[in-house]
Amino acid sequence: MNEDTPRTDGGTERADGEPSEDVALDPWGSASVGDYADLFAEFGIEAFDDVADDVVDPHYLMRRGVIFGHREYDVVAEAMANDEPFAALSGFMPTGDPHIGHKLVFDELIWHQRRGGDVFGLIADLEAHSARGMSWDEIDEHARSYLLSLLALGFDPEEGELYRQSDNRAVQDLGFELGSKANFSEFEAIYGFDGETNISHMQSVVTQTADILYPQLVDEPKPTVIPVGPDQDPHVRLTRDLATRMRYFKVTEAFASFELDDEERTLVRAAYDALAGGDDPASGDEAGDSDVRCEDAAAWLADYEPPEVDAEAVDLEEAKASALDKLRAGGREPLRPRVRFLDRNATDEAFEALIGAIAGEKRVFEGHVDAFGMTREAAESLAREVEIDHDGFGFRQPSSIYHRFMTGLTGGKMSSSIPASHISLLDDPEDGYDKVRSATTGGRDTAEKQRELGGEADECPVYELYAYLLAGDDDGLATEVYSECVNGERLCGGCKEQAAELMREFLEEHQEKRAEAEELLEDLDIDLDSDRRGTGGEH
Ligand code: SF4
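Source: prediction; values computed, not measured.

Draft legend 1. Region of the structure containing the nonpolar core. Grouped together as the largest cluster of nonpolar side chains are 70 residues, with contacts concentrated most on Phe 48, Met 62, Tyr 73, Ile 100, Tyr 463, Leu 465 and Met 503. Counting 44 residues, the second-largest nonpolar core is a separate cluster that includes Val 171, Leu 178, Ala 210 and Leu 213.

Right, here's the structure in full:
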């Protein structure tokens, strides 16, 4: 990004360079993040900028940096670009009224739906009951309200699916299966659960992992994106792990009987290529006619200088040492590229079926089978096919995208418990107008100073309203507000008046559409009068 172009980034880019607060991602804690960049290093969330170019005609929340991070969104972007199947799913805890923060996620779901995805929206009622102690009556009422807003904003229930966790038997069955691959110590480490945590709360976590994989259950495994705030990342990470743990087979690439990690494999491949002289195992020729032995590769590798790849150079030195150990131990065993299917959870039948389905040369061992002359990609899809044919799920790891949290209108966090800090989608349009008029700004003390120094749009909740919501798809407006502000051409009074009027219009229109959506909601098969009994968990 060019330093000189003002980035309409939702006003939350830290410009002060101060050390940030400790980062913690707690799905049930207070949602605030000091520095979004820390999430990259700390948790392995990737910068959205890295995939932005793969997205055809990106959403304005992507263009403005509001969606700042992702996990493996590239596979979804690719499916979208190639007209291949993909899905999106997110969930909402019905603990209060939907507000403008939820609208970000509603919009993200709707956008993916219009791009041809199978899109799911769910009401996390089991979570609200067990983790927040909400009564079923309150839950019913809020659930209805979330669904109305989602429909009013354009979700097409004919194309997509809306459900309540408590009503979805397939999700609960899937949760039960997934739960057998997770244990309490892990929940302790991820969520800080302890001996006081109620059991239903834990069950709601398992339910959420099932929600996240549900789109792949409905039809077939496919790239799936979960649009959420970064506080939900622990759930995404856990689900990505569980998806992998459920798989029948693990596919790796090997050169001999031993396993290699990615770095070691790069080095052994270099040795093999140098010594075997461009034998291509996937070309259809009988692979590995060359008589390279492990010990030959060890001799070659010993003299090899791995190329310096930034900070990874150190790792490669380590990888070289361990690869050498393995090759030397291999002695006169021939070195031949192969894909390996490791049996993780397969039934005997499935393992036999896999062996039968491998075309070409193969060698069967206890617990794994090696295939020569097959690409890794082909092996991955064969493994998935056999798994699905034998009652497995064949899940892909779900992807995610993360949006920034909005700043509260009164400064600090936007919080549902402080009415003046947020705007509910049910607020009277006049109240919405008033809240914006009295919002904190990034303006200077006097108009004079403002003209001289410019306002601090990056610190301004009102600017955020433009970028996240009021400017809609109109980048021109967002950029105009930003640059007029920082150039000192815009004063806060007028700026807030304009924003307040847009907010009033938005709320009026949204509420009309909510009224229209009532009928649509009635026609859907969602029980909003659940008649359940119970008291819920601690909160
Ligand atoms: Fe915020 Fe607008 Fe004032 Fe700039 S002019 S600080 S964007 S209210």
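Draft legend 2. Spatial organisation of helix H6 (residues 125-132). Of all eight residues in H6, seven are buried, a share of seventy percent or more. Residues of H6 that are buried: Asp 125, Leu 126, Glu 127, Ala 128, His 129, Ser 130 and Ala 131. Looking at the buried residues of H6, the elements they touch are strand E4 (118-123), helix H7 (136-152), strand E5 (161-164), helix H8 (169-179) and helix H10 (199-218). Residue Gly 133 follows H6 closely and has a positive phi angle near 65 degrees.

Draft legend 3. How the structure looks around the sheet that holds strand E2 (residues 67-71). Spatially, seven strands are ordered E1-E2-E11-E6-E3-E4-E5 in an open sheet, and the strand pairing comes out mixed. The open sheet has two edge strands, strand E1 (46-47) and E5, and neither has a second partner. Where strand E3 (residues 87-92) lies against E4, six bridges are found, and the strand directions are parallel. Bridged to Ala 88 within E4 is Val 119.

Draft legend 4. Representation of the environment of Ala 37 within the structure. Residue position: Ala 37 is located in helix H1 (residues 36-43). Separated by 10 residues in sequence, Ala 37 and Ala 47 have C-alpha atoms that sit 8.1 Å apart.

Draft legend 5. Expanded view of the side chain of Ser 421. If you trace the backbone, Ser 421 turns up in the loop between strand E11 (399-403) and helix H17 (429-437). In this structure Ser 421 comes out as buried when scored by relative accessible area, which is 0%. A distance of 2.8 Å separates the side chain of Ser 421 from the backbone oxygen of Ile 418, its partner in a polar contact. In this structure, Ser 421 is in contact with Gly 408, Leu 409, Thr 410, Lys 413, Met 414 and Ser 415, ignoring residues within four places of it in sequence.

Draft legend 6. Highlighting the UniProt feature "coiled-coil region" (unreviewed entry) in the protein chain. According to UniProt, the "coiled-coil region" (unreviewed entry) feature falls on residues 496-527. Structurally, residues 496-527 is divided into 88% helix and 0% strand, and its ends, taken at the C-alpha atoms, are 41 Å apart.

Draft legend 7. View of the site of the ligand. Taken together, the residues surrounding the ligand are Thr 441, Gly 442, Gly 443, Gln 450, Cys 460, Val 462, Tyr 463, Cys 485, Arg 490, Cys 492 and Cys 495. Where the shell around the ligand is concerned, the elements lending two or more residues are helix H19 (461-470) and helix H21 (492-523). Each residue belonging to the shell around the ligand can be placed in one class, and the counts come to six nonpolar, four polar and one charged.

Draft legend 8. Representation of the domain arrangement of the protein chain in the model. Parsing the protein chain into structural domains produces domain 1 (249-389) and domain 2 (419-522). For domain 1 versus domain 2, the distance between C-alpha centres works out to 57 Å.

Draft legend 9. How the structure looks around the environment of Leu 354. Along the chain, Leu 354 falls in helix H15 (residues 348-357). A residue is classified by how much of its surface remains accessible, and Leu 354, at 0% relative accessible area, is buried. Apart from residues no more than four positions distant in its own chain, Leu 354 is found in contact with Phe 249, Phe 341, Val 369, Leu 382, Ala 383 and Val 386.

Draft legend 10. Spatial organisation of the packing of aromatic side chains. Taken as a whole and assessed by the stated rule, the structure comprises 19 aromatic pairs. Each member of the aromatic cluster is reached from another via a ring pair, and the members are Trp 28, Phe 187, Tyr 191 and Phe 193. Here the guanidinium or amino end of Arg 336 rests over the ring plane of Phe 372, the centre of that ring lying 4.3 Å away. Above the plane of the ring of Trp 136 lies Arg 532, whose end atom (NZ or CZ) is 4.5 Å from the centre.

Draft legend 11. Quick look at a negative patch on the surface. The grouping of Asp 97, Asp 137, Glu 138, Glu 141, Asp 167, Asp 525, Asp 527, Asp 529 and Asp 531 at the surface amounts to a negative patch. Position of Asp 525 relative to the elements: it lies in the segment after H21. Judged by its relative accessible area of 80%, Asp 525 falls in the exposed class.

Draft legend 12. Highlighting the confidence of the model for the protein chain. Per-residue pLDDT for the protein chain has a mean of 91; in total, 91% of the residues score no lower than 70. Confidence drops under a pLDDT of 50 for residues 1-20, and excluding neighbours within four residues, the segment shows 42 contacts in the predicted structure. In this model residues 283-288 is a low-confidence stretch, pLDDT under 50, and it forms six contacts with partners more than four residues away in sequence or in other chains.

Draft legend 13. Spatial organisation of the pattern of salt bridges. The final tally for this structure, using the stated rule, is 34 salt bridges. With a closest N to O distance of 2.6 Å, Arg 437 and Glu 497 form a salt bridge. Here Arg 437, found in helix H17, pairs with Glu 497, found in helix H21; they are 60 residues apart in sequence, far enough to count as distant. Taking the shortest distance from any N to any O, the salt bridge between Glu 509 and Lys 513 comes out at 2.8 Å. Here the residue Glu 509 and the residue Lys 513 both occupy positions in helix H21, the gap between them amounting to four residues, near one helical turn. Overall, Glu 509 belongs to the partly exposed group, its relative accessible area being 44%. On the accessibility criterion, Lys 513 (36% relative accessible area) is partly exposed.

Thresholds, definitions, all that
- Residues numbered from 1 in each chain as written.
- Predicted model: local features only at pLDDT ≥ 70, side-chain atom pairs only at ≥ 80, totals over all residues.
- Heavy atoms only, no water.
- Core = buried A, V, L, I, M, F, W, Y, C linked by side-chain atoms within 4.5 Å.
- Buried < 20%, exposed > 50% of the residue type's maximum accessible area, 1.4 Å probe, protein only.
- Helix = DSSP H or I, 4+ residues; strand = E, 2+ residues; numbered from the N terminus.
- Contact = heavy atoms within 4.5 Å.
- Pairing = 2+ DSSP bridges.
- Polar contact = N/O pair within 3.5 Å; in protein donor to acceptor, adjacent residues only side chain to side chain.
- UniProt positions renumbered as here; feature names shortened; annotations may be inferred.
- Near = heavy atom within 4 Å.
- Nonpolar A, V, L, I, M, F, W, Y, C, P; charged D, E, K, R; others polar.
- Domains from an automatic or database assignment.
- Phe/Tyr/Trp six-rings, centres within 6.5 Å; stacked < 30°, edge-to-face > 60°.
- Lys NZ or Arg CZ within 6 Å of the ring centre and 35° of its normal.
- Patch = residues over 30% accessible without salt bridge, like charges linked within 9 Å, V, L, I, M, F, W, Y side chains within 5 Å.
- Areas by Shrake-Rupley, 256 points an atom, 1.4 Å probe, with all protein chains shown as cover.
- Salt bridge = Lys/Arg side-chain N within 4 Å of Asp/Glu carboxyl O.
- Lys, Arg positive; Asp, Glu negative; His and termini not counted.
- Charge placed at Lys NZ, Arg CZ, Asp CG, Glu CD.
- pLDDT = per-residue confidence, 0-100.

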